[in-house]
Each structure stands twice: as structure tokens, then as C-alpha cells.
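Listed here are the chains, written in short residue letters.
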Amino acid sequence: MKKSIQLNQDNLEQIGNHIPVPNYNRTSETADIVHIGVGGFHRSHLAYYVHLLKNSGEASSLCGIGLREGDQNLHDIFKKQDHLYTLMVKHPDGKIEPEIIGSIIDFKMGTTDPEAVISQMAHKNTRIVSLTITEGGYNFNPTTGEFNFDNPDIQHELRHPNDPKTVYGFLTAALKRRRDAGLPAFTIMSCDNIEHNGDMARKMLLAFAETQNPDLAKWIAKEVTFPNSMVDRITPVTTPADIDILAQNSGVQDAWPVTCEPFIQWVVEDKFSNGRPAFEKVGVQFVPDVGPYEKMKLRLLNAGHSVMGILGAIHGHPTINACVEDELFAKYLGAFLDEEATPILGPIIGIDLEDYKDSLLERFANPNIKDSVSRICSESSAKLPKFLIPTIQENLATGGCIKFATLVLAAWCYYSDKQADQNGEPLEIIDAMQDELHKAATATSSDPLAFIRQESLFGELAENERFATTYTDMIQELYKTSEVKKLMRSLL
Ligand code: CS2
């Protein structure tokens with residue numbers, strides 16, 4: 001076994017003998033992009049695009065921000081590694097391409113040092129504040145679509161504007177400081193999987209700001225832009241095995257590398273209030289209206305993931321590639337995409353939907369990626385209302401097919417109720433609504449529609465007769481046999 005070298009700035013030259021390292025200077029810079037939510041996806045996507053820009057000689061860099069206690073671990077690791085990390089691109093043929101990324105130059109924690117975060121955002125060099133705060137992070141009520149003022153942290157921030165806790169408190173504190181200093185507003189760039197993610201960020205921030213400081217809200221409405229974007233790169237959870245492989249094959253000691261697929265895409269609206277880096281030079285597509293691209297990606301890729309993930313979890317498949325290697329699952333996915341998701345998309349300029357779906361199947365099948373179904377099923381309560389439930393609602397309205405997606409909801413109920421697969425193996429469930437989901441699902445024995453009556457997730461679905469009959473039949477069958485494949489087969 002090779003002796004591995006600790007990843008940090010001093011060792012970069014030596015590491016560069018084995019794998020690609022940044023060819024740019026990382027010192028004496030102030031970030032122009034401040035990013036909230038430095039998860040794996042941010043590090044495989046936006047931070048990678050900025051790395052490509054820097055490698056091509058452009059000046060741009062990122063300061064990461066953590067607003068949750070759970071971010072402390074990455075903060076501490078980054079400190080030791082001078083904010084360097086390895087991106088391990090995993091190809092379907094088994095090849096792994098590691099590369100050291102240096103585009104993040106700083107990381108600040110809002111939980112322990114809120115002032116440092118506000119002043120970073122309010123710094124004159126900051127042009128963009130970007131977000132990957134997850135679907136659940138936008139703090140809106142899924143039924144009404146309105147801002148959730150009941151959140152205790154939001155209540156605290158409304159009363160104490162100088163003691164922010166959530167993304168909204170930090171954004172208003174920093175924007176106020178910029179306005180008072182006569183500095184231009186920054187762009188707020190959402191990179192989350194939500195249809196009209198920029199519009200959503202705008203609506204939520206304005207609702208908050210109007211209550212906290214109506215004058216400031218007017219300034220924000222006029223000065224801040226919120227481009228919508230479609231972001232894409234499958235980024236599994238890093239495992240201890242990834243850390244070992246990197247140390248053994250490349251001799252690099254990195255406590256938190258990120259793994260991802262080769263595919264990458266970012267389509268964004270060119271609405272930046274305070275300028276932007278020349279992202280088009282590194283393959284980013286700028287379009288006037290990102291809506292159709294977002295809808296396509298969320299309703300095909302993300303929904304397809306959830307279809308495989310939830311059915312796969314109950315069947316006992318550990319990963320997405322294991323699901324699509326199973327012929328029945330692959331066929332089921334194809335049927336869902338073709339018969340339920342595609343009809344509501346309509347044509348999209350410049351995109352051949354058949355090619356797009358073929359490439360999705362290939363990406364899901366990448367055997368080297370091993371994307372766990374538990375990652376896909378995590379936070380389903382925030383994902384399904386964006387990825388899958390609207391497809392059922394739209395198909396109900398037009399008389400379209402609903403059976404493939406409806407089985408996923410029945411399976412989700414079973415999953416939330418039993419918290420185990422069909423063989424009784426316990427499932428790892430990660431969901432902010434886990435207790436409510438479990439409670440609603442356990443009432444299924446006395447009321448087959450109990451799970452669907454959770455209005456905040458499903459709206460009025462339980463009242464729709466066609467849906468209610470289809471779902472009830474499936475629930476009865478699934479609870480009787482526990483064999484999800486039997487039901488899948490019967491629908492094809
Ligand atoms: C996945 C996404 O979390 C999920 O359910 O569908 O993380 C997906 O892998 C990314 O959006 C790909 O761009």
C-alpha cells in the first residue's frame with residue numbers, strides 16, 4: 001500500500017504528481033460567490049464549474065457557508081485541508097478519475113459566528129449568493145405555497161433581525177447592510193431541485209422581508225434578481241470505501257472526497273443583478289426561460305429516481321443501479337416515464353425527449369456509482385410533492401394514466417408504516433416528517449386512504465374518485481402479499 005499524503009495547500013505540488021490539481025493561485029483572493037449549503041452536490045456541480053473557470057484563467061471563487069450544526073464537521077475538515085477536496089468521477093466502465101478542486105477558498109459557520117457570515121455576504125466583492133438548501137429548506141407550506149411563519153426560527157429572526165438563524169434572516173441582514181452602505185445587491189441563485197427555484201426563493205424572501213422590514217423588502221424587490229436554473233449531476237453519498245480507494249489508488253488522504261457521475265448540466269437564466277463569471281466558457285447554458293428544462297428534469301430524472309428508490313427499497317434493492325439491472329424495474333421505469341411523465345411535458349425546444357430518457361436509463365445503470373436507495377428515499381416528504389405528485393394531479397385532470405405513480409405512493413405508505421422491506425429487514429428512513437408519516441401510515445388498516453389524507457403532502461388527492469379507487473386496490477393488495485414486484489408486474 002502506498003503511503004498517502006494529507007490533502008492541503010502545502011502538499012498540492014506533491015499530490016500533483018499523481019492526480020490533477022488546481023493550476024491556479026488560491027491565496028490573496030476574496031470570494032465573489034458566497035454559497036449556502038455545501039453538500040456533496042454543490043461540490044460536484046457549482047464548485048466544479050468554478051474550478052473549471054479558474055483553471056481556464058478566470059477569476060472567481062467561493063466562500064462556503066454552513067447554517068446548520070451538522071455543517072461543523074465539514075467546516076473542521078476543510079480547515080485542516082485548506083478547503084481542498086477531491087472529486088472522484090466514476091465512469092460506467094469502472095474507471096475512477098480523481099481531481100483536486102480548489103475553488104472553495106473559505107468556509108464560515110452561521111451557527112457559531114453569524115457576523116462573519118453577514119459581513120462576507122455584505123462584502124463589496126460578493127456578486128452572487130447561491131443556494132443548495134434542499135427542497136425542504138425553502139420554508140413554505142406545500143398545500144398553500146405560502147411562507148411558513150410558524151417556524152420558531154423565523155419568529156425569532158423577525159423579532160431579532162441582528163441574530164439570524166435561517167437563510168432568510170442572513171439574506172435580509174446582509175442585504176440591509178449592502179443597501180445602507182450604498183453597495184449593489186447581490187444575485188440570489190437557487191441551485192435546488194424545485195420548479196421555478198429562483199421565483200420560489202424570491203417569493204419566500206419577500207414574504208419574510210415584508211414582515212421584518214417593509215422598506216428593505218421594497219429595495220430587495222427592485223434590486224435583487226433570482227435566476228431560475230436547472231441543475232444536474234448524480235452525486236451519491238460518500239462512503240468510507242471511497243476514502244480508502246482514494247488513499248490506496250492515488251495516495252491522497254482526504255477526509256471527505258465527493259463522488260459523482262461523469263454527466264453534468266446546468267441551464268440558467270441570464271438575470272444577474274451584479275454581474276457574473278463567464279460560466280458560458282465552461283459549458284453552462286444560458287436561456288431566457290428555464291421552465292421547460294426544469295420541469296423535464298424534475299419530472300423525469302428526479303421522479304424516476306423516486307419511483308426506483310421507493311419500490312426498490314421495499315423490494316430490498318440496495319442501489320439505483322441494482323434496481324435498473326432488474327429487468328422488471330427497468331421496464332416499469334420506462335413505462336412510468338413514457339406513459340405518465342412524458343405526456344404532460346409537451347415538446348421542449350432543442351431536446352429530443354426519447355434521447356433524454358435513454359440517457360437517464362444509462363446514467364441510472366452506471367454500476368460504478370452505487371447510488372443508495374436510502375439517499376433517494378431520504379426526505380421523500382419534501383421531494384415527492386415536487387417530483388411525482390403534480391404528475392398524478394395533472395394526469396387526473398387530463399384523463400391520463402396514473403397507475404405507475406400511484407403504486408409508488410402506496411409503496412411509500414407501506415415503507416413509512418413498516419419501516420422495513422418486504423423481507424422484514426429494517427430500512428434506514430431519513431425524513432423530517434418521519435413521525436407524522438409513520439403515524440398516518442399505521443392508520444391504513446382502519447382507513448385505506450389515511451396516508452393520502454395528509455393534505456400538506458397530497459392536497460385533495462384523497463377526494464378524487466379515480467385516484468382513491470386505484471390507490472385503495474393497490475394498498476389492499478400490497479398489504480396482503482407484501483410483494484411489490486407482483487403488483488408492478490400486474491400493471492405492465
Ligand atoms: C435525486 C437527486 O435526491 C434525489 O432524489 O433524484 O439528488 C438527483 O440525483 C440529482 O438531482 C441529480 O441531478
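As the structure is a computational prediction, the values presented were derived from the model and not from experiment.

## Things to note about the domain arrangement of the chain
Next, step 1: As assigned here, the chain comprises domain 1 (5-287) and domain 2 (291-491).
Next, step 2: Once you take the C-alpha centre of each, domain 1 and domain 2 turn out to be 29 Å apart.
Next, step 3: Counting residues at the interface gives 32 residues for domain 1, matched by 27 residues for domain 2.
Next, step 4: Taking both partners together, domain 1 and domain 2 bury about 2,400 Å²; carbon and sulfur atoms supply 59% of that area.
Next, step 5: It is Glu195, Met230 and Ile234 in domain 1 that bury the most area against domain 2; as a group they hold 25% of the surface buried on that side.
Next, step 6: At the surface where domain 1 touches domain 2, the tally comes to three salt bridges.
Next, step 7: We note a salt bridge from Arg299 to Glu195, for which the minimum N-O separation is 3.3 Å.
Next, step 8: Inspection of the region where domain 1 meets domain 2 yields eleven residue pairs in polar contact (both at pLDDT 80 or more).
Next, step 9: At four residues, strand E9 (residues 229-232) tops the list of elements feeding residues into the side of domain 1 that touches domain 2.
Next, step 10: The residue makeup of the side of domain 1 that touches domain 2, split by class, is 15 nonpolar, ten polar and seven charged.

## What about the pattern of salt bridges?
Next, step 1: All chains considered together, the criterion is met by 25 salt bridges.
Next, step 2: A salt bridge links Lys271 to Glu269; its shortest N-O distance comes to 3.5 Å.
Next, step 3: For Lys271, a relative accessible area of 35% puts it in the partly exposed group.
Next, step 4: Judged by relative accessible area, which is 5%, Glu269 ranks as buried.
Next, step 5: Linking Arg299 and Glu394 is a salt bridge whose minimum nitrogen-to-oxygen distance equals 2.9 Å. Of this pair, Arg299 sits in helix H11 (residues 291-315) while Glu394 sits in helix H17 (residues 389-398); the two residues are 95 residues apart in sequence, bridging distant segments of the chain.
Next, step 6: Overall, Arg299 belongs to the buried group, its relative accessible area being 2%.

## Quick look at the packing of aromatic side chains
Given two aromatic rings, one states the distance between the centres and the angle between the planes to describe the pair.
Next, step 1: A full pass over the atoms with the stated rule returns 15 aromatic pairs.
Next, step 2: Aromatic pair Tyr414 and Tyr479: ring centres 5.5 Å apart, planes at 75 degrees, arrangement edge-to-face. Placement of Tyr414 in helix H18 (residues 403-418) and of Tyr479 in helix H21 (residues 465-481) is noted, with a sequence separation of 65 residues between them.
Next, step 3: According to the relative accessible area criterion, Tyr414 is buried, its value standing at 3%.
Next, step 4: With a relative accessible area of 24%, Tyr479 lands in the partly exposed category.
Next, step 5: Within the aromatic cluster, the residues linked to one another by ring pairs are Phe147, Phe149, Tyr168 and Phe208.
Next, step 6: Taking NZ or CZ as reference, Arg233 lies 5.0 Å from the ring centre of Tyr48, over its face.
Next, step 7: Its end group placed over the ring of Phe263, Arg363 keeps NZ or CZ at 3.7 Å from the ring centre.

Each value, and the rule that gives it
Residues numbered from 1 in each chain as written. Predicted model: local features only at pLDDT ≥ 70, side-chain atom pairs only at ≥ 80, totals over all residues. Heavy atoms only, no water. Domains from an automatic or database assignment. Contact = heavy atoms within 4.5 Å. Buried area = accessible area lost by both parts, 1.4 Å probe. Salt bridge = Lys/Arg side-chain N within 4 Å of Asp/Glu carboxyl O. Polar contact = N/O pair within 3.5 Å; in protein donor to acceptor, adjacent residues only side chain to side chain. Helix = DSSP H or I, 4+ residues; strand = E, 2+ residues; numbered from the N terminus. Nonpolar A, V, L, I, M, F, W, Y, C, P; charged D, E, K, R; others polar. Buried < 20%, exposed > 50% of the residue type's maximum accessible area, 1.4 Å probe, protein only. Phe/Tyr/Trp six-rings, centres within 6.5 Å; stacked < 30°, edge-to-face > 60°. Lys NZ or Arg CZ within 6 Å of the ring centre and 35° of its normal.

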